[in-house]
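Single-letter residue listing:
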Amino acid sequence: MQRSLVVANWKMNGNKLVVSQLLNAIKNGVNKDVNQANKIAICPPSLFLELTQQELVDSNIFIGAQNAHPQNAGAFTGEIAFVMLKEFSCSYVIIGHSERREIFAESDIFIAEKFAAAQAHNLEPILCVGETQEQRESGQTESIVLGQIQAVINEVGIEAFAKAVIAYEPIWAIGTGLTASPEQAQEVHAAIRSFLTEMDQTVAENISIIYGGSVKASNAEALFKQSDIDGALVGGASLDVNEFLTICAAA
Ligand code: 13P
């Protein structure tokens, strides 16, 4: 089984001063209070990757990006490439976040291309999957989530998941304060692991399947107690040092 992984997704928040203060407080807190047997990664807005690299230079905290474009270079105004992320010591990159799927209309195929491009540059993709409230209510949770994973497997093969993370993020729980109960989350995580087991048992046993959606200090421990929840992808609470450090300590 993997070491647990807690990832901060800061989304489009912060400025130079805030980022600097947050990174220093997290770095100091992690050194003091958090068992670094666990992995911690911070995904700031891309413009602050260089600052993040500088601030975290003497820490064990990993750096991740929130997005990139699958091509290495070219006429893609406004985009950044995975190869560029490597210059800022990135280890992880979030792929297929529901905000990218919904607001920016990213397709399963495009997400699979990004997944492959990330790995081609030695970045570990954190593939996000999750259902809407409507899909949950109509009993489609498993088929949606497993379908999103299958779409990537179709393009890159199951072996590629030996170096990837899956984040189960029910859309109805993101930024809403509504968290999936530990049992609800565990049910989906177990379904994902058993789906992978059918294709490759080693991949299924070793992959980190982390949960995201209103994770906070008060619910992290109960989530992490579930056997198939290997960590968290944290949005809002990762912008609050005390909340985030408590989540890291619970992992
Ligand atoms: P919140 O933790 O703010 O619900 O966001 C979750 C998320 O989208 C992390 O990627």
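What comes next is a walk through the structure. A quick note: this is a predicted structure, and the numbers were derived from the prediction, not measured. Per-chain numbering applies: the sequence of each chain, read as written, is numbered from 1 onward. Reporting in this predicted model follows two pLDDT cut-offs: at least 70 for local features of residues, and 80 or more for side-chain atom pairs to be given and counted; totals over whole chains, interfaces and linings ignore these cut-offs and use all residues. Side-chain figures throughout are based on the complete set of non-hydrogen atoms in the structure, without hydrogens or water.

### Describing the overall build of the protein chain
A helix here means a DSSP run of H or I that spans at least four residues, while a strand means a run of E at least two residues long, and both kinds are numbered starting from the N terminus. Scanning the protein chain from terminus to terminus reveals 11 helices and 8 strands. To get the radius of gyration, use the C-alpha atoms; to get the globule rule, take the number of residues to the power 0.38 and multiply by 2.2 Å. Relative to the 2.2 N^0.38 estimate, which gives 18 Å for 251 residues, the radius of gyration of the protein chain is 17 Å and therefore close to what a compact globule would have. Principal-axis analysis of the C-alpha atoms places the extent of the protein chain at approximately 45 × 45 × 35 Å. Partly exposed describes any residue whose relative accessible area lies between the buried limit of under 20% and the exposed limit of over 50%, with all areas from a 1.4 Å probe on protein chains only and scaled to the type maximum. When each of the 251 residues of the protein chain is scored for burial, the buried share is 54%.

### Digging into the site of the ligand
We call a residue near a given molecule or strand whenever any one of its heavy atoms falls within 4 Å of it. What surrounds the ligand is the set Asn-9, Lys-11, His-97, Glu-169, Ala-173, Ile-174, Gly-175, Gly-213, Ser-214, Leu-233, Gly-235 and Gly-236. Gly-235 places a polar main-chain atom, nitrogen or oxygen, 2.9 Å from an oxygen atom of the ligand. Note on areas: these come from Shrake-Rupley sampling with a 1.4 Å probe, and a residue is covered only by the protein chains present in the view. Relative to its free-state accessible area of 310 Å², the ligand is covered by the protein chains to the extent of 95%. Classifying every residue of the shell around the ligand gives 3 nonpolar, 7 polar and 2 charged. Whenever two N or O atoms come within 3.5 Å, that pair is a polar contact, provided that in protein one can donate a hydrogen and the other can accept it, and provided that, for residues adjacent in sequence, both atoms are side-chain atoms. The nonpolar class holds Ala, Val, Leu, Ile, Met, Phe, Trp, Tyr, Cys and Pro. Asp, Glu, Lys and Arg form the charged class, and all remaining residues, Gly among them, are polar.

### Some details on helix H7 (residues 141-156)
To estimate how far a helix should extend, the number of its residues minus one is multiplied by 1.5 Å. The first and last C-alpha atoms of H7 sit 23 Å apart over 16 residues, in line with the 22 Å expected at 1.5 Å per residue. Buried within H7 we find Thr-141, Ile-144, Val-145, Leu-146, Gln-148, Ile-149, Ala-151, Val-152, Ile-153 and Val-156. The contact criterion used throughout is that any non-hydrogen atoms of two residues lie within 4.5 Å. The inward-facing, buried residues of H7 contact helix H4 (98-103), helix H5 (108-120), strand S5 (124-129), helix H6 (133-137), strand S6 (165-168) and helix H8 (182-199). Backbone geometry just after H7 places Gly-157 at a positive phi near 85°.

### Points about the environment of Ile-111
Along the chain, Ile-111 falls in helix H5. Exposure remark for Ile-111: the relative accessible area of 0% places this residue in the buried category. Once the C-alpha coordinates of Ile-111 and Gly-96 are considered, the two residues, 15 residues apart in sequence, prove to be 5.6 Å apart. In this view, Ile-111 contacts Ile-95, Gly-96, Arg-101, Glu-106, Leu-127 and Val-152; residues no more than four positions away in its chain are not counted.

### Side note on the packing of aromatic side chains
Centre distance and the angle of the planes are the two values used to describe a pair of aromatic rings. Only Phe, Tyr and Trp rings take part, Trp by its six-membered ring, and two of them pair if their centres are within 6.5 Å. Stacked means planes under 30 degrees apart, edge-to-face means over 60, and tilted covers everything else. According to the stated counting rule, one finds 3 aromatic pairs in the structure shown. Both rings, one in Phe-62 and one in Tyr-92, keep their centres 5.9 Å apart while their planes meet at 80°; by these two values the pair is edge-to-face. Separated by 30 residues along the polypeptide, Phe-62 in strand S3 (residues 62-65) and Tyr-92 in strand S4 (residues 90-95) bring together distant segments of the chain. Lying across the ring of Phe-62, Lys-39 places its NZ or CZ 5.8 Å from the centre. For a ring to carry a charge above it, either NZ of a lysine or CZ of an arginine must fall within 6 Å of the ring centroid while also lying within 35 degrees of the normal to the ring plane. The side chain of Arg-100 reaches across the aromatic face of Phe-104, ending 4.1 Å from its centre.

### As for the state of the cysteines
The disulfide criterion used throughout: a pair of cysteine sulfur atoms within 2.5 Å. Inspection of the entire model under this criterion finds 0 disulfides. Not part of a disulfide, Cys-90 finds its nearest cysteine sulfur in Cys-43, a span of 7.9 Å. Using a relative accessible area of 2% as the deciding quantity, one classes Cys-90 as buried. With no disulfide partner, Cys-248 has as its closest neighbouring cysteine sulfur the one in Cys-43, 12 Å distant.

### Quick notes on the sheet that holds strand S8 (residues 231-234)
Strand pairing follows a simple DSSP-based rule, namely that at least 2 bridges must link the two strands. What the 8 strands build is a closed barrel, ordered S1-S2-S3-S4-S5-S6-S7-S8; its pairing is parallel. This sheet shows a mean twist of 25° between the axes of neighbouring strands, independent of strand direction. Of the pairings in the sheet, the one linking strand S7 (residues 208-212) to S8 comprises 2 bridges and is parallel in character. Its bridge partner lying in S8, Tyr-211 is registered against Ala-232. Axis definition: a line fitted to C-alpha atoms, over the contacting stretch in the case of helices. Angles run 0 to 180 degrees between N-to-C directions. Strands S4 and S5 of the sheet are contacted by H5, whose axis makes an angle of about 160° with S5.

### Digging into the packing of H5 against H7
Direction vectors running N to C along H5 and H7 enclose 55°, while the axes themselves pass 9 Å from each other. With respect to their mutual orientation, H5 and H7 come out oblique. For H5 against H7, the interelement crossing comes out right-handed. Here Asp-108, Ile-109, Ile-111, Ala-112, Phe-115 and Ala-116 of H5 lie close against H7, whose contacting residues are Gln-148, Ala-151, Val-152, Glu-155 and Val-156. Any angle between 65 and 115 degrees counts as roughly perpendicular, while under 35 counts as roughly parallel, over 145 as roughly antiparallel, and the rest as oblique. The sense of a crossing depends on the near helix, which, turned anticlockwise from the far helix by less than a right angle, makes the crossing left-handed and, turned clockwise, makes it right-handed.

### Focus on the pattern of salt bridges
We define a salt bridge as a contact between a side-chain nitrogen of Lys or Arg and a carboxyl oxygen of Asp or Glu at a distance within 4 Å. Tallied over the entire structure, the rule returns 8 salt bridges. One salt bridge connects Glu-99 with Lys-11, and the closest N-O pair in it is separated by 2.8 Å. In this pair, Glu-99 sits in helix H4 while Lys-11 sits in the loop between strand S1 (5-9) and helix H1 (16-33), placing the two residues 88 residues apart along the sequence. The class for Glu-99 is partly exposed, based on a relative accessible area of 26%.

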